[in-house]
Amino acid sequence: MKPALGLVRVCLYSLLTTLVAICTAFPVAAEKISLKRAVELALAHSPAAAQAKADNQRAFASYREAKDQYLPQLMIGSGLGDSWGYPLSLEGSAPSLVNINAQSALFNPALRDFIRAARNEYKAMAEESKDRHNQIVQDTVLIYLELVKWEQQMAQLRQQEEDTLRAQEVAEQRVQAGVDSEQTGKQARLASARAHLRLIQAEGSIDVLRTTLSQLTGVPVNSLGTAPDSVPSLPEVPKSGDPAKAQESSPAVLFAQQHAIAQSFRARGEHRSLWPSVDFATQYAVLAKFNNWTQFFPNNVFERNNATVGVVIRFPFFNPSQHAHAQVADAEAIRANKEVEATKNQVSQQELKLRRSVEQLQAAQQVSELEYEIAQSNVEAVDIRIKSGTTTVNEGEQARAELYAKYNALQDANFELLRARVNLLRMTGELESWVDRAK
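Everything quoted here is computed from the prediction, not taken from an experiment.

Q: Looking at this structure, I do not really get the overall build of the chain. What am I missing?
A: In terms of helices and strands, the chain carries 11 helices and 6 strands. Here the C-alpha radius of gyration of the chain, 38 Å, is well above what a compact globule of 439 residues would show, namely 22 Å. In terms of overall dimensions, the chain has a C-alpha envelope of 130 × 90 × 40 Å along the principal axes. Taking all 439 residues of the chain together, 36% fall into the buried category. Considering only contacts within the chain whose residues lie at least 6 apart along the sequence, 85% involve residues at least 24 apart. Split by element, the accessible area of the chain, about 26,300 Å² in all, is 57% carbon and sulfur. Taking the average location of the 47 positive side-chain charges in the chain and that of its 50 negative ones, the two points are 5 Å from each other.

As structure tokens, this is what we get:
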């Protein structure tokens, strides 16, 4: 019986080993996510999005904290204690078995302005959350597009490395045979080293970008894949910009405006803190007999159940410290209003710089494209001369090395132009609508 059980264990172990080997040999297929899906996952999973949501909640809670001062604040407690002689107060109230206090604001001009300030700060925080939202979208788009760029170049870069290694081998053989000089061998090794460097850079960039995109989206890095066909074409860039439109759609400007309004209300509230105010107040207490009340009040006068309802009126007619505090608030309000102007100017400048940068990068991309086409034509012409025997193989390899360099420069120019156009879309408030057009 025991040998049979041992045989079963061996069979099960062999089966398990085979299954593990099969799973290792055939890894899980990468999950190709579209650009639009990547942005959606980043907005739901990104820590920056959670931080923005928490800041929104905090701003709204601050607004509720100010507004709810008009609601009665009810407190129930007890002030138990023994008495020797006349019952003295405990923390401002007579010793009691049960004590109920309620208080709320009735007329408070300063509080009204503080509530308005808190409301506008909440609106300002909502605009800042939009700015963070746009930043997440922009970061995700650029990371996704750069990852697509490097992944699409990998096959070409590997081919470049193979070609340069073969050319290096041929050059070394010719140098050893005394056909070419040592300088020719060094040039071949340099071309091979450059191709290898470019390939290593691409592999490193892919690893970093895929890890970053995984952290943004929450998709495991080993199963993360891109879908290049999901990237929509970029809209045409208008020749002339509209700074006013950029300012109106800029969350930074809207945040500065709401913050300036809040600071103005806060400054006015600090001044109105010197105005009269009226609060509602009430108290109910059940007094204990063991606190010597009957020794000082006859039984027909002493009442165990006591209540007071009324209003508390304050006239702050002299408060130099509050005057100075109000002047500080005035200065902060002036600064906030000037910050609005500075933000508008900054947005206009950034919009203009981005448009000019796009124009320059478009021109640079056209130059790189023409240089690449010329390099292609040069390689074709050199190949024809090599076949006819009118030129050497070294000249052909040099022409091919130049072609690879121009190809890499063209890919870099294309992505730099793409990055600038995405930045411009964010500046004009059109980035998310462009992402929504993705497949």
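Q: How should I be thinking about the packing of helix α4 (residues 109–176) against helix α10 (residues 393–427) in this particular structure?
A: For any two helices packed against each other, one specifies the crossing angle of their axes together with the interaxial distance. At a minimum axis separation of 10 Å, α4 and α10 run at an interaxial angle of 180°. With respect to each other, α4 and α10 are oriented roughly antiparallel. When its residues are assigned to classes, the contact of α4 with α10 shows 10 nonpolar, 11 polar and 9 charged.

Q: What am I meant to see in a nonpolar patch on the surface here?
A: Side chains of Leu74, Ile76, Leu80, Leu97, Val98 and Phe290 sit close together on the surface and give an oily, nonpolar patch of about 580 Å² of accessible area. Tracing the chain through its elements places Leu97 in strand β3 (residues 96–107). Residue classification places Leu97 among the partly exposed residues on the basis of a relative accessible area of 31%.

Basis of the calculations
- Going along each chain's sequence as written, the residues are numbered from 1 onward.
- Local features in this predicted model are restricted to residues whose pLDDT is 70 or higher, and side-chain atom pairs enter the listing and the counts only when it is 80 or higher, whereas totals over whole chains, interfaces and linings include all residues.
- To obtain the side-chain values, all non-hydrogen atoms of the structure were included, while hydrogens and water were left out.
- Secondary structure counts use DSSP, requiring at least four H or I residues in a row for a helix and at least two E residues in a row for a strand, with both numbered from the N terminus.
- In this treatment the radius of gyration is a C-alpha quantity, and the globule benchmark scales as 2.2 Å times the residue count to the 0.38 power.
- Burial status follows relative accessibility: with a 1.4 Å probe on protein chains alone, a residue under 20% of its type maximum counts as buried, one over 50% as exposed, and anything between as partly exposed.
- The contact criterion used is simple: two residues touch if any of their non-hydrogen atoms lie within 4.5 Å.
- Where accessible areas are quoted, they stem from the Shrake-Rupley method and a 1.4 Å probe; at the residue level, only the protein chains shown are allowed to cover.
- Positive charges are assigned to Lys and Arg, negative charges to Asp and Glu, while His and the chain termini are left out of the count.
- Charge positions come from single atoms, namely NZ of Lys, CZ of Arg, CG of Asp or CD of Glu.
- Note on definitions: angles span 0 to 180 degrees between N-to-C directions of axes, and those axes are lines fitted to C-alpha atoms, for helices only across the stretch in contact.
- Every angle not falling under 35 degrees, over 145, or within 65 to 115 is termed oblique; those three ranges are roughly parallel, roughly antiparallel and roughly perpendicular.
- Each residue is assigned to one class: nonpolar for Ala, Val, Leu, Ile, Met, Phe, Trp, Tyr, Cys and Pro, charged for Asp, Glu, Lys and Arg, and polar for all the others, Gly among them.
- A patch is a set of surface residues, each over 30% in relative accessible area and not in a salt bridge, joined within 9 Å for like charges and within 5 Å for the nonpolar side chains Val, Leu, Ile, Met, Phe, Trp and Tyr.
- By convention in these notes, a salt bridge is any Lys or Arg side-chain nitrogen within 4 Å of a carboxyl oxygen on Asp or Glu.

It is worth stressing that arrangement in space is one thing and function is another; only the former is reported here.
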